[in-house]
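# Understanding the architecture of this molecule
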Amino acid sequence: MNLKNQISIVTGGGQGIGREIALRLAQEGAIVVIGDINEKGSHETAAMIAKNGGPKATVIPTDITHEDQVIRLIKGTMEIDKRIDILVNNSGIMGPVKNIEDIMVKEWEETMAVNVTGMFLCCKHAIPFMKKQGKGSIVNISSITGKRHLTQRTPYAASKMAVIGLTRTLAAEVGKWKIRVNAVCPGGITGERLDRVFEGIMKFSGKSREQIIAERVEATPLKTLVDPKYVAAVVAFLCSEDAAMMTGQDINVSAGVVMY
């Protein structure tokens, strides 16, 4: 894969999957712009890219739930070389772990604001520039929960299903401008975010951390949780010319726990 000098935005690039994606894109030669509310983590990611010998990364602190900040992110990226080749919409939150009758409207709205509306805003403001270029690649991070139920996680499940709908519809809408839109659906990804999910499940179910991990591992044909580097590898592929004939797809990276 060759992404040399491709101007790339990664939202939520200050930690977790987003950091791995930013590092992998830079490894492939992309010039990465990190848009994240986590400014400290974003600068750490940029320093890691520099340490690995990648092109200099740019940090633009961004809360994607605020349209003015998204506009600033897009404009700041355009100042680098007057183009946006790649947009990776990775920012997301886990939402509450509760029965639906216990979920507060505020919790529902917050989950949707980050996981869906923020993604919509990034696409809304990046796509006009991609249309003028006559090309572009957008990768939206959904989840295997975008394809199946997840009890006690209604806001999260609904938001990730919405991401797949957004992906397919945008792919059909903007394909004539040679803009490709795909989604990646991770399974149980190791890291701090999954740790927080486990904490929520432990609190709700009374199960131990060890029980929860064992159940997750047993549910996968490969009997393992997923290292985020494998998600980053699939994202990099989808952004490359090797995936030039792929759009509207939702690719699982889940150790086989979901096969559709």
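Structure first, text after, so check above.
All values derive from a computational prediction rather than experimental measurement.

Our focus in this paragraph is the side chain of serine 159. Here serine 159 shows up in helix α5 (residues 154-174). At 2.7 Å, the side chain of serine 159 and the backbone oxygen of tyrosine 156 are in polar contact. Not counting the four nearest positions on each side in its chain, serine 159 is found in contact with Thr111, Met112, Asn115 and Val116.

Bringing the packing of aromatic side chains into the picture now. Per the stated rule, a full pass over the model turns up zero aromatic pairs. A cation sits over an aromatic face here: arginine 153 above tyrosine 156, 4.6 Å from the ring centre.

A word on the sheet that holds strand β6 (residues 179-186). Ordered by their spatial adjacency, seven strands build an open sheet running β3-β2-β1-β4-β5-β6-β7, and the pairing between neighbours is parallel. The open sheet has two edge strands with one neighbour each: β3 (58-59) and β7 (250-253). Here strand β5 (residues 136-141) pairs with β6 via six bridges, running parallel. Residue serine 137 lies in a different strand from β6, and its bridge partner there is arginine 180.

Turning next to the state of the cysteines. In a disulfide, the sulfur atoms of two cysteines are covalently bonded to one another. Per the counting criterion, the structure on display carries zero disulfides. Cysteine cysteine 123 shares no disulfide, and the gap to the nearest cysteine sulfur, in cysteine 122, comes to 7.0 Å. You can see cysteine 239 has no disulfide; the closest cysteine sulfur is in cysteine 123, sitting 13 Å from it. With relative accessibility at 7%, the residue cysteine 239 sits in the buried group.

Within the secondary structure, asparagine 89 sits in strand β4 (residues 86-89). It is 4.8 Å that separates the C-alpha atoms of asparagine 89 and asparagine 140, two residues lying 51 residues apart in sequence. Those residues within four positions of asparagine 89 in sequence are excluded, and the remaining contacts are Thr11, Met119, Cys122, Cys123, Ile138, Val139, Asn140 and Ile141.

So, about the environment of glutamine 249. The topology assignment puts glutamine 249 in the loop between α8 (228-239) and β7. The spatial distance from the C-alpha of glutamine 249 to the C-alpha of leucine 121 is 21 Å, given a sequence separation of 128 residues. Among residues more than four places away in sequence, those in contact with glutamine 249 are Thr167, Val181, Asn182 and Ala183. There is a polar contact of 3.0 Å between the side chain of glutamine 249 and the backbone oxygen of threonine 247.

This next bit is on the packing of helix α6 (residues 192-205) against helix α7 (residues 209-218). Interhelical geometry of α6 versus α7 gives an angle of 115° and a closest axis separation of 10 Å. Classified by the angle their axes make, α6 and α7 are roughly perpendicular. The interaxial crossing formed by α6 with α7 has right-handed handedness. Mapping the contact onto sequence places Leu194, Asp195, Val197, Phe198, Ile201 and Met202 in α6 and Arg209, Ile212, Ile213 and Arg216 in α7. By residue class, the composition of the contact of α6 with α7 is seven nonpolar, no polar and three charged.

Put simply, helix α4 (residues 105-133) and α5 touch, their axes get as near as 8 Å, and they point 15° apart. Put simply, α4 runs roughly parallel to α5. For the pair α4 and α5, the sense of crossing is right-handed. On α5, the residues touching Trp108, Thr111, Met112, Asn115, Val116, Met119, Phe120, Cys123, Ile127 and Lys131 of α4 are Thr154, Pro155, Tyr156, Ala158, Ser159, Lys160, Ala162, Val163, Leu166, Leu170 and Val174. For the contact of α4 with α5, a count of residues per class yields 15 nonpolar, four polar and two charged.

Before going further, it helps to examine helix α2 (residues 39-51). For α2, with 13 residues, the first-to-last C-alpha span of 18 Å sits near the 18 Å given by 1.5 Å per residue. All of the buried residues along α2 are Gly41, Ser42, Thr45, Ala46 and Ile49. Down the axis of α2, the buried side of the element spans an arc of 145°, and every buried residue falls inside it. Counted as exposed and oriented over 90 degrees from the buried face of α2: Lys40, Ala50 and Lys51. Residues of α2 that are buried make contact with α1 (16-27), β2 (31-35) and β3. In the segment just after α2, glycine 53 is the residue with positive phi, at about 85°.

The rules we used
Residues numbered from 1 in each chain as written. Predicted model: local features only at pLDDT ≥ 70, side-chain atom pairs only at ≥ 80, totals over all residues. Heavy atoms only, no water. Helix = DSSP H or I, 4+ residues; strand = E, 2+ residues; numbered from the N terminus. Polar contact = N/O pair within 3.5 Å; in protein donor to acceptor, adjacent residues only side chain to side chain. Contact = heavy atoms within 4.5 Å. Phe/Tyr/Trp six-rings, centres within 6.5 Å; stacked < 30°, edge-to-face > 60°. Lys NZ or Arg CZ within 6 Å of the ring centre and 35° of its normal. Pairing = 2+ DSSP bridges. Disulfide = S-S within 2.5 Å. Buried < 20%, exposed > 50% of the residue type's maximum accessible area, 1.4 Å probe, protein only. Axes fitted to C-alpha atoms, helices over the stretch in contact; angles between N-to-C directions. Parallel < 35°, antiparallel > 145°, perpendicular 65-115°, else oblique. Left-handed = near helix turned anticlockwise from the far one by under 90°. Nonpolar A, V, L, I, M, F, W, Y, C, P; charged D, E, K, R; others polar. Expected span 1.5 Å × (residues − 1). Arc of directions from axis to C-beta.

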